[in-house]
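Next come the chains, spelled out residue by residue.
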Amino acid sequence: MLEVRFHGRGGGGTVVLATLLAKAFFQAGYQVQSFPFFGVERRGAPVEAYLRLASKKILARTGVTTPDHVVVQDQSLIEDIGVTAGLKPGGWILLNCPIPPSDMSAFANHRVAIVDATSIALKNRIGSRTHPIVNTAMIGAFARMMEAPPMDTVIAAIRKEVPSDPERNVAAAEAAYREVRFL
Amino acid sequence: MKQVLEGNSAVAEAVRLARVQVISAYPITPQSHIVEVLSDYCASGKMDARYLRVESEHSCLAALVGAACGGVRTFTATSSAGLAYMHEMLHWTAGSRLPIVMAEVNRALGAPWNIWSDQTDSLSQRDTGWIQLYCEDGQEVFDTTLQAFRLAEWVNLPVMVVTEGFLISHTYEPVDIPEQEEVDRFLPPYNPAFKVDTKNPFTVNSIAPPSIYMEIRHDNAMAMDEVPERFDDVEKEFEVLFNRRYGAVEAINCDDAEIILVTSGTITSTARLLLEDLRDRGEKVGLLKMKMFRPFPVEQVCRALKSAMKVAVIDRNFSSGAGGIFLQEVRAALCNREDRPLVFGYIVGLGGRDVTKAVLEDIYKMTKNSDVPSDKSVWIGLREVKHAIGR
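Note that the coordinates shown come from a computational prediction; the quantities given were computed from them, not determined experimentally. (Residues numbered from 1 in each chain as written. Chains lettered and ligands numbered in written order. Predicted model: local features only at pLDDT ≥ 70, side-chain atom pairs only at ≥ 80, totals over all residues.)

(A) Structural context of the sheet that holds strand S7 (residues 159-164) of chain B. Residue and element names in this part refer to chain B. The strand order across the open sheet built from seven strands is S3-S2-S4-S5-S7-S6-S12, with neighbouring strands paired in mixed fashion. In this open sheet, the two strands that pair with only one neighbour each are strand S3 (50-53) and strand S12 (292-294). Recorded for the sheet is a direction-independent mean angle of 20 degrees between the axes of neighbouring strands. As paired elements, strand S2 (residues 22-25) and strand S4 (residues 74-78) share two bridges and run parallel to each other. Bridge pairing in S4 places Val 22 opposite Thr 74. (Pairing = 2+ DSSP bridges. Helix = DSSP H or I, 4+ residues; strand = E, 2+ residues; numbered from the N terminus. Axes fitted to C-alpha atoms, helices over the stretch in contact; angles between N-to-C directions.)

Dropping the structure here:
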């Protein structure tokens, strides 16, 4: 079983990110389970969501405390909270940031991928200029990083589930798929 | 077709496919998504149902009592304080023999304020005359909601389908949602045993003096006694069409088990993982999942537990002064049996605290290493606190 933790801020589509990936992975033949951190959500506050992937029915009904990989939608969270807490050695950290973080010491035991999802979201006019929604770009980058789920299932999930401007979101996912960099 | 759905949406899909005619609800976390989806369905015409907005949970159930007396299929959903506020009307629903179905999403009761999973809300309504069925995942929630209408309308008693805050309600997982035609074959239109009719007026629930009140109560008791058998019948019909079956209880590896864990709700799923591990290590352990709590399936419980030496009842609920509520019921079921096992009780996960596989394994080890159970439930995983109220 694989466990992924997603970090974001309330209102930034973190739960939707985990859910869309669950749906895409399910279409690709995985057993899936996704859920938000069970809290009281407030706009702008740090939030978490989780994804479990397996080849057979997922029975675990507990929190995810030792994820295999983490995804960070908002670079400012790196200083605010411990995004690597419990992360298994060798696990991926996918960061939304334009350039590599100046201090990489916290990630010494992990693999790091970066994607400028904020610019991609702005370029594709997703969300507002002051509050771009980066989750669909992050999904594209995630799919490239993990080599799963296949992009056709990602695109299908976005077209089915994203209520407004699905094609701009598809374009963002595809751009992030191309532009993600592995450090 | 299998789709990835939130647990709350699974309930809403079952209600839509059951062709419910009147829905009344008052929102409360973590239940709200259920009635939000249903309200959308009623507004868009996806469901041909009347959606009643009310000012409180008490009024919500009062409205449904009225609707159900009119002979239509009815549904509501609530949690925690909302259920507590319905308390009086819960008695009225069951006493009136109305087959109302409710989704009850477990959430801790205040004080202190807490929105997370804890069964004390539904279990503290155990004496209201409602059938209670506890579920462990989204598929079971969907299936049980459909079965609940069939069962309720068969025995003319209300059914509470109990799910869990966040652990089911906000968790997305694959759920098989059948087509309308398949559901229609399982669940025919509601044919009420009685309904109020302006052309042939009569009074429902006028005063019942001492000379008749007991007989009416006894009628309720007889209907409730029938439930385990009728539920079995409902499940047989369901299995033919949908190839899934749960049982009032599910006994896993109990026949040769020396120690049996007794669980309900989502803790059961995690316990299934532990059971596999322990069996691989040669431990003679079994698991008894309690789905039906009211009526309490005494026969099935005693049969499943009869050859064990020790039973560990794991409660995510707490009756102050008496301990875990499933523990009380299991002890009571066994008390007159010969060769009954020792019954240990544990309190875990109150107010949504995580119940991990390691927690369950600790409970197994404690039970294995103890010769005599405590009279009280043992609290697991308590943190040290330095202050206390009182002198």
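(B) Structural context of the sheet that holds strand S14 (residues 342-347) of chain B. All names here are of chain B. Judged by pairing direction, the sheet is mixed, and its six strands sit side by side in the order S9-S11-S10-S13-S14-S15 without closing on themselves. Where the open sheet ends on each side, the last strands, each with one partner, are strand S9 (249-252) and strand S15 (378-379). As judged from the four bridges shared by S9 and strand S11 (residues 285-290), these two strands associate in the antiparallel manner. Looking at S11, one finds that Val 249 is bridged to Met 290. Sitting on the sheet, helix H12 (residues 325-334) is in contact with strand S10 (259-263), S11, strand S13 (310-315) and S14, with an inclination near 150 degrees to S13. (Contact = placed C-beta atoms within 7 Å.)

(C) Focus on the interface of chain A and chain B. With 17 residues of chain A at the interface, the matching set in chain B holds 19 residues. At the level of elements, helix H1 (14-27) and strand S2 (31-36) of chain A are the ones that each hand at least two residues to the side of chain A that touches chain B. Counting residues per element, the side of chain A that touches chain B draws most heavily on S2 of chain A, which supplies six residues.

(D) Geometry of the environment of Val 330 of chain B. Residues and elements named next belong to chain B. Residue position: Val 330 is located in helix H12. Val 330 sits in the buried class, given 25 other C-beta atoms within 10 Å. As a C-alpha pair, Val 330 and Val 359 span 29 residues in sequence and 21 Å in three-dimensional space. Not counting residues within four places of it along the chain, the set of residues in contact with Val 330 comprises Val 262, Val 301, Val 311, Val 313 and Val 343. (Buried ≥ 20, exposed ≤ 12 C-beta atoms within 10 Å, placed from the backbone.)

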